[in-house]
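# Descriptive analysis of the structure
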Amino acid sequence: MLLSLYTVLAAVAIGLLIAILTYRSRVRADFTIATAAVAFTLPSVALFGFLVSIVGSNLLAVFPVLVLYALLPIVRNGIVGLQSADPNVIDAARGMGVGGFRMLWQIRLPIAWPVILAGIRVSTQLTVGIVAIGAFVQKVGLGTYGYDALDNLGSVNTQNKAIVCILFVTLIALVFDAVFVVIRRFTTPRGARA
Amino acid sequence: MSVETPVQPDTETPTQDETLAVDFKSSHRRNVLAWRDLVTPALVALVLVGLYVDISRRDLDTIESNVLNRESLTDATLQHIYVSVSIAVLVMLVAVPAGILVTRRRTRRLAPAVLAVANVGQAAPSLGLLALVGIYAIGFWPVVLILTAYSALSVLRNTIVGLEGVDRGVLDAARGMGMSAAAVLMRVELPLAVPVIGAGARTALVLAVGTVPLGYALDAGGLGLPLFGAIKTNRPVVTFTIAVMIAALALLMDWAAGILQRAATPKGIR
């Protein structure tokens, strides 16, 4: 569970940075989104396997894959959100003398925030699921129980382990989702609320 | 993935819309096939050839050569394709009618229930579900059924979004021409929703290709068994090969499905 949290935090930092660097130019933004989509097409199992064969069975083979997957929704929603600010609003802000950095920080980011948050939410859900799959590389998280069950089909504890895996992964996903509902309520600027 | 999450298109859809929009501008009438379609298979082929050359130069030990020979790899790949395509077809057969059902006026009330079922199906980890069902039944069908439940949501969501995205004016015009409700659905709504539904189907297919390996213990075939076997016997070369093959398979199937989707899209909105 902590691993999912770290992953999402890393992905948010990297994803927003990429979005901020690329949203201005249409070509760069399209290229970034297309690249992320291709990365997303690659199955997580394959990427885990790929990294395991290079760095061996440790966290180094898990974390980058997780971050890569978590990136796509954040980057895409970040770019789309930052581009979506009404040109009139931007114009008005410029007329009030708002410059480059403040434009981004005080105008574009707050307007894009609901969209970005939705992206982060999707990527959290994804991460919780993929962390479970990554357990075959390094025994971390609830996926361990899932693989234990799969490897010992028919033994006494198979059913218990499978149920532990299902229930707790679902539970964590729901808890994260609830957290996002709360975050959204408290961090969306009043004017941008639907 | 809470139940009351509003219906939103699947993650792949916006990119799809993006390309559609671009295509619209760049050429008025786009053929089903374009030169650009050759890029993906060419790159994949390049990687696979490189991999093949590299592997055939290496000295393989017994375990490695037992996995990495032409017959067993071909078998596993074909099974993998067979299982994934079965899942994708089954998903379409279940999720598209369900999506149609919940967008009709009379049965609209069912929408929350259907979406809730699909949401639970996707939120529950496929890994645990496979283990749980594996206690009672193994083989082709258990894996296919579980993974169908797992990937049905993307098609369901996109069917709903696609059908609801059809312009009201177009529907009015169709009705004004005297079309029955069924005719409007079959000849107007569904064709117009093909790009969105297709995007969902591609997501489901890619999901299937990626999760079939997790069914390795349920004897459904596919590339999962060699992959997990290689990890457990600590054979990085084999792990690497199989991982690249799974990735290549996912890219190629997505590519093929993309072409299929374009072929199914009516000319006017292609």
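Predicted, not measured: the structure shown is a model, and the values here were computed from it.

Turning to the confidence of the model for chain A, a few remarks are in order. In the predicted model, chain A carries a mean pLDDT of 79, and 96% of its residues have values of at least 70. Mean pLDDT values for the elements of chain A range from 77 in helix H7 (residues 143–151) of chain A up to 84 in helix H4 (residues 63–83) of chain A.

Quick look at the interface of chain B and chain A now. In this assembly, 37 residues from chain B lie in contact with 41 residues from chain A. Breaking the side of chain B that touches chain A down by element, the ones donating at least two residues are helix H1 (13–26), helix H6 (126–134), helix H9 (181–211), helix H10 (224–232) and helix H11 (236–264) of chain B. A per-element tally of the side of chain B that touches chain A places H11(B) first, with eleven residues. Among the residues forming the side of chain B that touches chain A, the class breakdown is 28 nonpolar, seven polar and two charged.

This paragraph deals with the environment of B:Asn66. Residues and elements named next belong to chain B. Position of Asn66 among the secondary structure elements: in helix H3 (residues 62–67). When the 13 C-beta atoms within 10 Å are taken as the criterion, Asn66 is described as partly exposed. Each C-alpha atom of the pair Asn66 and Pro226 lies 9.8 Å from the other, and the pair is 160 residues apart in sequence.

Moving on, we come to helix H8 (residues 158–187) of chain A. With 30 residues, H8(A) ought to run about 44 Å at 1.5 Å a step, and its terminal C-alpha atoms sit 43 Å apart, in line with that. In the core, the buried residues of H8(A) are packed alongside helix H6 (100–133) and H7 of chain A together with helix H5 (111–123) and H6 of chain B.

What counts and what doesn't
Residues numbered from 1 in each chain as written. Chains lettered and ligands numbered in written order. Predicted model: local features only at pLDDT ≥ 70, side-chain atom pairs only at ≥ 80, totals over all residues. pLDDT = per-residue confidence, 0-100. Helix = DSSP H or I, 4+ residues; strand = E, 2+ residues; numbered from the N terminus. Contact = placed C-beta atoms within 7 Å. Nonpolar A, V, L, I, M, F, W, Y, C, P; charged D, E, K, R; others polar. Buried ≥ 20, exposed ≤ 12 C-beta atoms within 10 Å, placed from the backbone. Expected span 1.5 Å × (residues − 1).

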